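The lines below spell out each chain.
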Amino acid sequence: MSLSGFNIDGIDVAPGLVLAPMSGVTDSPFRQLVKRASGDAVGMVMSEFISIELLTQRQLSSVIRMSFAESERPVAIQIYGADVGRMAEAARIVEDAGADSVDINCGCPAPKIVRRGGGAGLLKDLPRLAAILDAVNAAVSIPVTIKIRNGWCDDTLNALETLRVAENHGAKAIGIHGRTRMQLYRAEADWNVVREMREAASIPVIGSGDVVDAEGALNRFATTACDGIMIGRGAITNPWIFRQIIDGTEGRERYQPTWRETVELLHFYLEKLLEMYPAKVSPGRMKMMLSRLLKHFPGDPGVRKRCLRMEVPTEMLAHLEQTCLGLGIYDSPKETGVAEVAA
Ligand SMILES: Cc1cc2nc3c(=O)[nH]c(=O)nc-3n(C[C@H](O)[C@H](O)[C@H](O)COP(=O)(O)O)c2cc1C
């Protein structure tokens, strides 16, 4: 078992803990928030998936979605679609933007995407995936990786076959979420498939699914010998999770942020939102973030609702700060518990 990390064709991912791509969540402000909360414990971050159609039309929201800060490195940008030529063109745009690597989404279950052959649809059309990998590798010099599910449905589990295609067509790492497309987020993720892939693979294998605490991460490393672990939903409610996992491996007590640190983190997040989006976007985003971080607020369960009724982000934060001060908990640890995983 090792958390020391791995290498994607020259890019060091150390430790082997990756912020998973999450559409609507892992934009640059959120990724920066996670890096600020967990520091060097985050080995790599991945963007939310970006449509190759929109990216190649230089649609503004896609270009914004592709942006990142230097402090996020190493950063992988994930793209999705099914058209071979456009995929190569989009990958070139990603490379020109300075990303460290480009990832091809082969796991998204959304009907409107799979219907057109993209996302998990590529698991049903491995020749197309092979052609995409060939074209993308010919178009860029940064490493190309893929992220898959373990098959389309229980009758077509083909993670090992997909791994073979990935290796033979130049993918430099593979992420695997051990659920089928049909399962969506139901049942538990299968980590046996991660072990089987690790045994068979010549490239790094990064497991994904249901890791919400240090114990879960260490257990997955030990039982699968995978090179890395992706953490998605666990980081939404607990952006300190990466740091806590490293504490667990090094036998330290789990890091516990204070409420002061939480409020400061939210100010930082607001600053990053305002740098990236028009001002009208920040109240909604701040509400989402506050709502996640204020679950189980001690002593005053109404604070979350009151913050969510406000429209000015700085007022939300001032109210939270005043409430913490009033309760005398500003410098007390914030309970992060086991991060919640909700579909
Ligand atoms: C809201 C949400 C959005 C997601 N978006 C993406 C995505 O854009 N690309 C991708 O490869 N996986 C996406 N996923 C899957 C996650 O990367 C991850 O594989 C999955 O959630 C299991 O890991 P977890 O239990 O740590 O969340 C998404 C998951 C969630 C919950």
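Check the entry above for the structure.
Residues numbered from 1 in each chain as written. Predicted model: local features only at pLDDT ≥ 70, side-chain atom pairs only at ≥ 80, totals over all residues. Heavy atoms only, no water.

Caption draft 1: Quick peek at the site of the ligand. Among the 16 residues in the neighbourhood of the ligand, the closest are listed as P21, S23, Q78, S208 and D210. A distance of 2.8 Å separates a nitrogen atom of the ligand from a polar backbone atom of S23. Between a nitrogen atom of the ligand and a side-chain N or O atom of Y185, the distance comes to 3.4 Å. Its free accessible area being 600 Å², the ligand has 88% of it covered by the protein chains. The cavity where the ligand resides is the largest pocket. (Near = heavy atom within 4 Å. Polar contact = N/O pair within 3.5 Å; in protein donor to acceptor, adjacent residues only side chain to side chain. Areas by Shrake-Rupley, 256 points an atom, 1.4 Å probe, with all protein chains shown as cover. 1 Å grid on protein atoms, 1.4 Å probe; cavity = no way out; pocket = protein on both sides within 12 Å on 5 of 7 lines; lining within 4 Å. Sits in = over half its atoms within 2 Å of the grid points.)

Caption draft 2: The environment of N7, seen in detail. Inspection of the secondary structure puts N7 in strand β1 (residues 6–8). Classification of N7 by relative accessible area gives partly exposed; the value is 36%. Expressed as a C-alpha distance, the spacing of N7 and R31, which sit 24 residues apart in the sequence, is 21 Å. At 2.6 Å, the side chain of N7 and the backbone nitrogen of G10 are in polar contact. Looking at N7, its side chain comes within polar contact range of the side chain of D12, at 3.0 Å. (Helix = DSSP H or I, 4+ residues; strand = E, 2+ residues; numbered from the N terminus. Buried < 20%, exposed > 50% of the residue type's maximum accessible area, 1.4 Å probe, protein only.)

Caption draft 3: Summary view of empty space enclosed by the protein. Counted according to the given criterion, the structure contains two cavities of 30 Å³ or more. Of the pockets and cavities examined, the largest cavity occupies roughly 60 Å³. Together, 14 residues line the largest cavity, and I8, M46, D103, T145 and I206 are the ones closest to its centre. When residues of the lining of the largest cavity are traced back to their parent elements, those giving at least two are β4 (44–46), β7 (101–106), β8 (144–149) and β9 (174–177). Grouping the constituent residues of the lining of the largest cavity by class yields ten nonpolar, three polar and one charged. Reported here for the second largest cavity is a volume of approximately 50 Å³. Lining the second largest cavity are G24, V25, D27, F30, Y269, R285, M288, M289 and R292. When grouped by side-chain class, the residues that make up the lining of the second largest cavity number five nonpolar, one polar and three charged. (Points joined across faces, edges and corners; volume = space filled by probe spheres on them. Nonpolar A, V, L, I, M, F, W, Y, C, P; charged D, E, K, R; others polar.)

Caption draft 4: Highlighting the nonpolar core. Counting 100 residues, the largest nonpolar core has I104, F242 and L320 as its most contacted members. Sorting elements by how many residues they give to this core places helix α12 (residues 259–276) first, with eight residues. Composition of this core by domain shows at least three residues from each of domain 1 (6–249) and domain 2 (259–327). Sequence-distant contacts of I104, that is, excluding residues within four places in its chain, are made with I79, M87, L122, I132, L133, V136, V144, T145, I146 and K147. If you look at the next biggest cluster of nonpolar residues, it comprises twelve residues, including F6, M44, A76 and M230. (Core = buried A, V, L, I, M, F, W, Y, C linked by side-chain atoms within 4.5 Å. Domains from an automatic or database assignment. Contact = heavy atoms within 4.5 Å.)

Any functional reading would require information beyond the geometric quantities listed.
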